[in-house]
There are 2 protein chains.
Amino acid sequence: MEELINRVDVAAGRAEADLVLKNANVVNVFTGEILPADVAVAGGVIAGVGSYSAANRVDCAGRFLCPGFIDAHIHIESTMVLPGELVRMALPSGTTTLIADPHEIVNVCGAAGMRFMLDASENLPCNIYFMLPSSVPPTPYETAGASFTKDDMAPFLGHPRVLGLGEVMCFGDVVGAQGAIMDILPLFNKAPVDGHAPGVSGAQLQAYAAAGVGTEHESTTFAEAAEKARAGLAILVREGSAAHNLTAIVRGLLDTGMPTGRFMFCTDDKHLDDLSRDGHIRWNVKMAVDMGMEPVQAIRMATWNAARVYGLRGLGAVAPGYRADMVLLNSLKQVDVAAVYKDGRDAGPLLGALPAFVPSGPAILHSVKAPRVTPQMLALPAAGAVPVMEMVPYQLETRFLREEVPTAGGFFVPNATYTKLCVVERHGKNGNVAVAPLKGYGITGGAIATTVAHDSHNIIAAGDSDADLALAINRLAEIDGGYVLVRGGEVAGEVPLRVAGLMSCARAEEVQAATGDIIQMAAGMGIPYYIDPFISLSFMALPVIPHLRLTDKGLFDVDKFVLL
Amino acid sequence: MEELINRVDVAAGRAEADLVLKNANVVNVFTGEILPADVAVAGGVIAGVGSYSAANRVDCAGRFLCPGFIDAHIHIESTMVLPGELVRMALPSGTTTLIADPHEIVNVCGAAGMRFMLDASENLPCNIYFMLPSSVPPTPYETAGASFTKDDMAPFLGHPRVLGLGEVMCFGDVVGAQGAIMDILPLFNKAPVDGHAPGVSGAQLQAYAAAGVGTEHESTTFAEAAEKARAGLAILVREGSAAHNLTAIVRGLLDTGMPTGRFMFCTDDKHLDDLSRDGHIRWNVKMAVDMGMEPVQAIRMATWNAARVYGLRGLGAVAPGYRADMVLLNSLKQVDVAAVYKDGRDAGPLLGALPAFVPSGPAILHSVKAPRVTPQMLALPAAGAVPVMEMVPYQLETRFLREEVPTAGGFFVPNATYTKLCVVERHGKNGNVAVAPLKGYGITGGAIATTVAHDSHNIIAAGDSDADLALAINRLAEIDGGYVLVRGGEVAGEVPLRVAGLMSCARAEEVQAATGDIIQMAAGMGIPYYIDPFISLSFMALPVIPHLRLTDKGLFDVDKFVLL
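### What to know about the interface of chain B and chain A
In this assembly, 51 residues from chain B lie in contact with 51 residues from chain A. In total, chain B and chain A occlude about 3,800 Å² of area from one another, counting both sides; carbon and sulfur atoms represent 60% of this. Across the chain B-chain A interface, the total number found is two salt bridges. For R230 of chain B, the salt bridge is made with E33 of chain A, and the minimal N-O distance between the two is 2.6 Å. Across the chain B-chain A interface, the total number found is 14 residue pairs in polar contact (both at pLDDT 80 or more). Those elements giving two or more residues to the side of chain B that touches chain A turn out to be α1 (2-12), β3 (45-50), α6 (171-175), α7 (181-184), α8 (202-210) and α9 (222-230) of chain B. Sort the elements by how many residues they give to the side of chain B that touches chain A and α1 of chain B lands first, with seven residues. Per-class residue counts for the side of chain B that touches chain A are 32 nonpolar, nine polar and 10 charged.

The following block contains the structure:
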């Protein structure tokens, strides 16, 4: 109550603010106006917007002050750094709130992974909220490290940073009103529920929305986004490292004049290179403004709209009673960030003083329990036309081909056209090994392996030699996961990702440099420039994206939803 | 969960809907579009919007289907009928949700009044939510029937139909960070808090918002509404029987193009005559459309916007998963209601089957505990210029005059210009009697008295004869409150309002007829046409509206906030 009284006293001019940002042009998300004012902060909260002064003041010299940006949907694990490191990378570009779905680590470690992410994101200068992963394991057609059931969710429901249910990927079950998800959904009938329903339309979409799903971030066209918006789903316009949906959707918004109140921004997955070059949600705003969207509207999508949909009281506006999470922009056109304030404190010094989080515990740090693999275990009998996965440039989809592949003695022999793809169960469950030909990857002279392989995060490896493949796979187990590159029979590069085989304990800059090095090495082995050697590979085991995938249980026909 | 599965099955087309509204033009509050579709209902909830059929179907023949209307702020007591009767009057014009602040009855009966309103609004074909009265008693300058403290509020906080804190009228205390309200506000830091801050501006307004107040419904000009909206307050555009703010605010919205997302509609007080003639929130929509607002935008203000601000999940849209509260309009221009569906059921038969609610208990039914008054007790010594309240046509404000009034033997003698106004404490606390001259009321040949007198609801009476005044006041106590009219020494008319002296147990039509009769009688006694004999009178004791008021403790200077 003292804080309340002090805030009111500051607002009324009876007490001195902790900080006054003077002479700002304040972006008002409520009225769509930009109005000159001073902003007074008390106890980390905005007390007043008007005419204020204080000993501790910053002259904004007419620059534009807007609310801190919100990423409405991100998988932190995809940055390959811990939450604190992501904050160190994202906060300077204006992101003050993340809504994270930790389904990568939960697929590996279950509830221990959920708990770890909550712990690792405590006391950071960024509001990190979580949606509980809804679909772990993702399918019965692969071996996941853990399950995360209704009962596993229960202890997390009351956590102040747990908002609701993470992306409901099993849209087939939802639309069919079947499976475990139908038990889970009623738990969240008063909370936000994120959707994931690429291409779902018509009566199927109505059924998906009727089940209580409230958002969607998989739309790739405006028509798809508009239909989902009509069905009441709030639309997360996704622009990250893996998916680029912003141009199509914003183009449609601009062309049709559809109200943007139900649209917001997310990255889903964003890698360090992109983060450090473009910034984070700031980049979504910039792209939208470049396309001709009114800056205030784009900023509202990045702030207030997301705060409303996720029920984040006190976030998303520069107004009295709101948290003093603010971004100062030099220009609305460039969306170039001059300063960021988190809880009314300058982000620069805050980040400098950020303590490193030190992970512990075997469940998190020793999650790779793969069998020792011999080259013989990777042999693939082949005769005549066999199923072949083909990578598609710039897309996550694969093609399902049936082609003759090169053989010797009845076994597949990889070359520059046909790579050998292997998936090895690594959670200590059954040691499954699955092998298939992969077209379009182009690697020669070695192998690449990683424990980052959506969504079950078994080991996935691709190469042209069984010996190199086996070496790469076995090395991954030794270093508790990460990236490994083997060239000519030797481990030539590696990026350890000891946290569940997904995230590094190192600083973002080191991870970025090491990743850059290993990718460059991989590119030198014949992988085309439009394929990211590790990230593209990490989707080849994901049995929910068309058309053909390889899990530890074998080849999976996504269209028929059956193992071959 | 069965309901969920059935809903999904209906949406997906596997099961038959309870009801299908076919061939509607559906107003989509998310996208601002109007799109032809069928709407399928299952278990009282909308399952799908698309192409559906069922044995139970209604052909909408292209008429416009929109969400049920929401009154974001109403004092039910002001209709003088019980909640069920109000629903019977309001539902046919499309109102399916009321957000009520029962501060009238709580001022009389305290927590028992709050409980009564919850009980009396159970199981009605209308969502009736409540905001807990925040300012009871309203001021220390009058004798209220009860107090409603922080501790009194506690038992109601978890009630599923209690949303938050009712209009915080003690804006002086809030801005000054003082008084009981500063203890109450923190209870509601995660709930909606309604404001009431007429004319509050600048740093005072910032302080009011910084305290956590989230809405405001007292703006009389667009400039005032816009400043409040900028400060983050959601704006309730009020158009009721007592206050008419819609034209000014909607004019400003149309002229400036300010986004309407933070604006909604309320009536605050609306009487049966106006309800039965114009309908309820439907009238606000109609007025806005008549002024040139896009119908979809006006409908959104009446539905979705209010649902968002008050956190009413599943209300305010025609979309899968939303409650099947819908209004079918013949025309968007006329806003003429063809049919109303509550929980997917036709309102007509629902209202026909509505059981009467029978109030009970002495706290509610025998609330008038006034002293027996003699004419001698109403004598008012007067000499020279004395304070005089003057009524202002069409406004709640009064003028504070100092004038010589007619006297005889040193006592005020009323005439056609100067009426005698009396306030008698009626809660059994102290039997206070206060008397003052009133200008502009014009009554001759008798007296009028009522127990409806905001906000403490003591007896207020006005007349030109002490004998008639005493008779009217005493008669009120005999009938447990209501309206009484005395003409020439006889009780000529009365409307009993036995429920806390505020509401009738009778049907709305009877109350309306009886009220019409007594008002007509009153008009025949010289009260000018622009003054409602009872309602205008009922505000003369309200010490929070400028400039001069009479409470049971005496004359109150509102500007200086002191008893004279």
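### Some points on the pattern of salt bridges
Residue and element names in this part refer to chain B. Overall, the coordinates contain 48 salt bridges over all chains when judged by the stated rule. Between E216 and K228 there is a salt bridge; the shortest N-O distance is 3.0 Å. Of the two residues, E216 sits in strand β11 (residues 215-216) while K228 sits in helix α9, which places them 12 residues apart along the sequence. Each member of the pair E216 and K228 is classed as buried. For the salt bridge of R498 with D480, the shortest nitrogen-to-oxygen distance reads 3.9 Å. In this pair, R498 sits in the loop between β26 (490-496) and α18 (508-523) while D480 sits in the loop between α17 (466-478) and β25 (482-487), placing the two residues 18 residues apart along the sequence. What makes R498 partly exposed here is its relative accessible area of 33%.

### Here's the deal with α8 of chain B
Of all the positions in α8 of chain B, only L205, Q206, A207, Y208, A209 and A210 of chain B are classed as buried. Of the residues one or two after α8 of chain B, G212 of chain B is the one with positive phi, at around 110°.

### Some details on the relation of the copies chain B and chain A
Taken as rigid bodies, chain B and chain A are interconverted by a rotation of 180° and an axial shift of 0.0 Å, the fit giving an RMSD of 0.1 Å. Here the symmetry operator amounts to a two-fold rotation axis. Here 100% of the interface residues in chain B have copies in chain A that are interface residues too; the copies meet face to matching face.

### Some points on a nonpolar patch on the surface
Residues and elements named next belong to chain A. On the surface, a cluster of nonpolar side chains totalling about 440 Å² of accessible area is made up of Y394, Y529 and Y530. For Y394, the location among the structural elements is in the loop between β17 (385-391) and β18 (398-404). Under the relative-accessibility criterion, Y394 is labelled exposed at 64%.

### Digging into the pairing of strand β18 (residues 398-404) of chain B
Residue and element names in this part refer to chain B. Across seven bridges, strand β17 (residues 385-391) lies against β18 in antiparallel orientation. Bridge pairing in β18 links M391 to T398. Hairpin connection of β17 to β18: six residues between the antiparallel strands, including Y394 at a positive phi of 65°.

Calculation rules
Residues numbered from 1 in each chain as written. Chains lettered and ligands numbered in written order. Predicted model: local features only at pLDDT ≥ 70, side-chain atom pairs only at ≥ 80, totals over all residues. Heavy atoms only, no water. Contact = heavy atoms within 4.5 Å. Buried area = accessible area lost by both parts, 1.4 Å probe. Salt bridge = Lys/Arg side-chain N within 4 Å of Asp/Glu carboxyl O. Polar contact = N/O pair within 3.5 Å; in protein donor to acceptor, adjacent residues only side chain to side chain. Helix = DSSP H or I, 4+ residues; strand = E, 2+ residues; numbered from the N terminus. Nonpolar A, V, L, I, M, F, W, Y, C, P; charged D, E, K, R; others polar. Buried < 20%, exposed > 50% of the residue type's maximum accessible area, 1.4 Å probe, protein only. Least-squares fit on C-alpha atoms with pLDDT ≥ 70 in both. Patch = residues over 30% accessible without salt bridge, like charges linked within 9 Å, V, L, I, M, F, W, Y side chains within 5 Å. Areas by Shrake-Rupley, 256 points an atom, 1.4 Å probe, with all protein chains shown as cover. Pairing = 2+ DSSP bridges.

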